[in-house]
Amino acid sequence: MTEVRLRISSPWVTYVNKLKVLFGQDPNITIEYDNVAPSVTLRVSSATKYDVLNLVLPNTKTFGNITLKINVVPANGVNTHYGADVTKLTNKQKVDILFDGNPAFAFSHEVTGALSNTLVYVAFKNKVVQFFNDNLSDVHGNISTLYQDIAEDLIGEETSGLFNVCFCTDVEENIGKPTGQWP
Amino acid sequence: MQEVRLKVSPPWYTFFSSVKALLGNDPDVDVIYDDKTKLIKVLVEKSDKASALTTLLPKQVAFGNVILNIQVIPANGAFADLDDANEEEIFNTAFKGNPAYAYAKTTGGSIFVYPATYVVFKNRVVQYFNDNLNDLHGLRSTLYQDLASEVFEDAITSGRIDTVYFCTDIEENIGAPDGQWP
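Procedures and definitions
Residues numbered from 1 in each chain as written. Chains lettered and ligands numbered in written order. Predicted model: local features only at pLDDT ≥ 70, side-chain atom pairs only at ≥ 80, totals over all residues. Heavy atoms only, no water. Phe/Tyr/Trp six-rings, centres within 6.5 Å; stacked < 30°, edge-to-face > 60°. Helix = DSSP H or I, 4+ residues; strand = E, 2+ residues; numbered from the N terminus. Buried < 20%, exposed > 50% of the residue type's maximum accessible area, 1.4 Å probe, protein only. Axes fitted to C-alpha atoms, helices over the stretch in contact; angles between N-to-C directions. Parallel < 35°, antiparallel > 145°, perpendicular 65-115°, else oblique. Left-handed = near helix turned anticlockwise from the far one by under 90°. Contact = heavy atoms within 4.5 Å. Nonpolar A, V, L, I, M, F, W, Y, C, P; charged D, E, K, R; others polar.

1. A few points about the packing of aromatic side chains
Right, on to step 1. Using the criterion set out here, one finds 23 aromatic pairs over all chains in the structure.
Right, on to step 2. Ring centres 6.3 Å apart and planes at 50° place the aromatic pair Trp12 of chain A and Phe63 of chain A in the tilted group. Linking Trp12 of chain A in helix α1 (residues 11-23) with Phe63 of chain A in strand β3 (residues 60-63), this pair joins segments that are 51 residues apart in sequence. For the residue pair Trp12 of chain A and Phe63 of chain A, the accessibility class agrees, reading buried in each case.
Right, on to step 3. Feature note: the residues Phe91, Phe95, Tyr101, Phe121, Tyr144, Phe152 and Phe166 of chain B constitute an aromatic cluster, connected by ring pairs.

This is the structure:
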């Protein structure tokens, strides 16, 4: 009889995978996962980016009786740039600092909403995002998704406090509008 | 005071857009929507493809008190007999020539392992206009696998097809070629 070995990634591993996909390509951020604690450490070489990332990510994330610790650490002893004043930045300033230099990011744009509120659209690159996750519903065990959905999971308004920020995907050229530009 | 006009697509129109994004690029298929009768007509050149799509598509979808009807119409008026076709054959027939589709693969099927069919779509971001206020162009951005889960949900829940997983083909840079079972 053939032995079948089933492996399924724990939800906190999936969470770490999403962090790696959204922030791990940024040359200013390195991500380390400790399976024993469990904890994930994001080392940030830019002081301004450290301030914003530390603001928008939670300190812990609970999955049933497992708590994942999330440490945001300024690399090379770089200290905070804004300190407590980081909360005074506008949402557009926050997302621009957060995703500056990140290849997943296309652009952001601030508009006045229908209720005279300020909306910030954060557009990510037009790309199918895939990462291995022991997903039994997928032929290769991957999760296939979009950057906009990962961003909503990780830094949606409930966890990050980034209210009136809409995560979306840049258009392809064949839709009739150029990529990387506000319509 | 400045007048602001808000437009939002109703959910049945979103459903039509999903069907069109999934099937409308097939040269054998035309997807037409009539808002007055709330009817989606799926016009199909081939009778076997029409039969496969009849198996997969719902006849009606309810959105509150609005009923959306879906009608598959073969060009020659005749449906082929697909009664003995398995899930892999049904999807291969329904999506033959459709640029959204990569391949289908059935695993298991022994006395120990229940068969499961993976239906794999092309690695591509799907976008269509949907008056989406969360998007800067009003678009909905999604994947073919998610559209298929929505559009074919009734076929799965009603048991017309069994144990089917919709997924997305990998890119070459992940380490395995496109369009192949690993």
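2. Things to note about the packing of helix α2 (residues 47-56) of chain A against helix α3 (residues 91-99) of chain A
Residues and elements named next belong to chain A.
Right, on to step 1. The interhelical angle for the contact between α2 and α3, taken along N-to-C directions, is 115°, at an axis separation of 8 Å. If you check the angle between α2 and α3, you find them roughly perpendicular. In the crossing of α2 with α3, the sense of the turn from one axis to the other is left-handed. Listed contacts from α3 to Thr48, Lys49, Val52, Leu53, Leu55 and Val56 of α2 are Lys94, Ile97, Leu98 and Phe99.
Right, on to step 2. Residue classes in the contact of α2 with α3 are distributed as 7 nonpolar, 1 polar and 2 charged.

3. What to know about unusual backbone geometry
Right, on to step 1. Cis geometry is adopted by the peptide bond preceding Pro38 of chain A, which originates at Ala37 of chain A and carries an omega value of -20°.
Right, on to step 2. Along the chain, Pro38 of chain A turns up in the loop between β1 (29-34) and β2 (39-44).
Right, on to step 3. In this model, Asn164 of chain A sits at a positive phi of 60°, which is unusual for a non-glycine residue.
Right, on to step 4. Mapped onto the elements, Asn164 of chain A comes out in the loop between α5 (157-160) and β9 (165-169).
Right, on to step 5. With a phi angle near 50°, Asp131 of chain B is a residue other than glycine that sits in the positive phi range.
Right, on to step 6. Its place among the elements puts Asp131 of chain B in the loop between β7 (125-129) and β8 (139-143).

4. Here's the deal with the packing of α1 of chain A against helix α4 (residues 147-155) of chain A
Residues and elements named next belong to chain A.
Right, on to step 1. In contact at an axis separation of 10 Å, α1 and α4 are set at 120° when each is read in the N-to-C sense. By the angle between their axes, α1 is oblique relative to α4. For the element pair α1 and α4, the recorded crossing hand is left-handed. From α1, Tyr15, Lys18, Leu19, Val21, Leu22 and Phe23 reach across to α4, where they touch Tyr147, Ile150, Ala151, Asp153 and Leu154.
Right, on to step 2. Of the residues in the contact of α1 with α4, the class split is 9 nonpolar, no polar and 2 charged.

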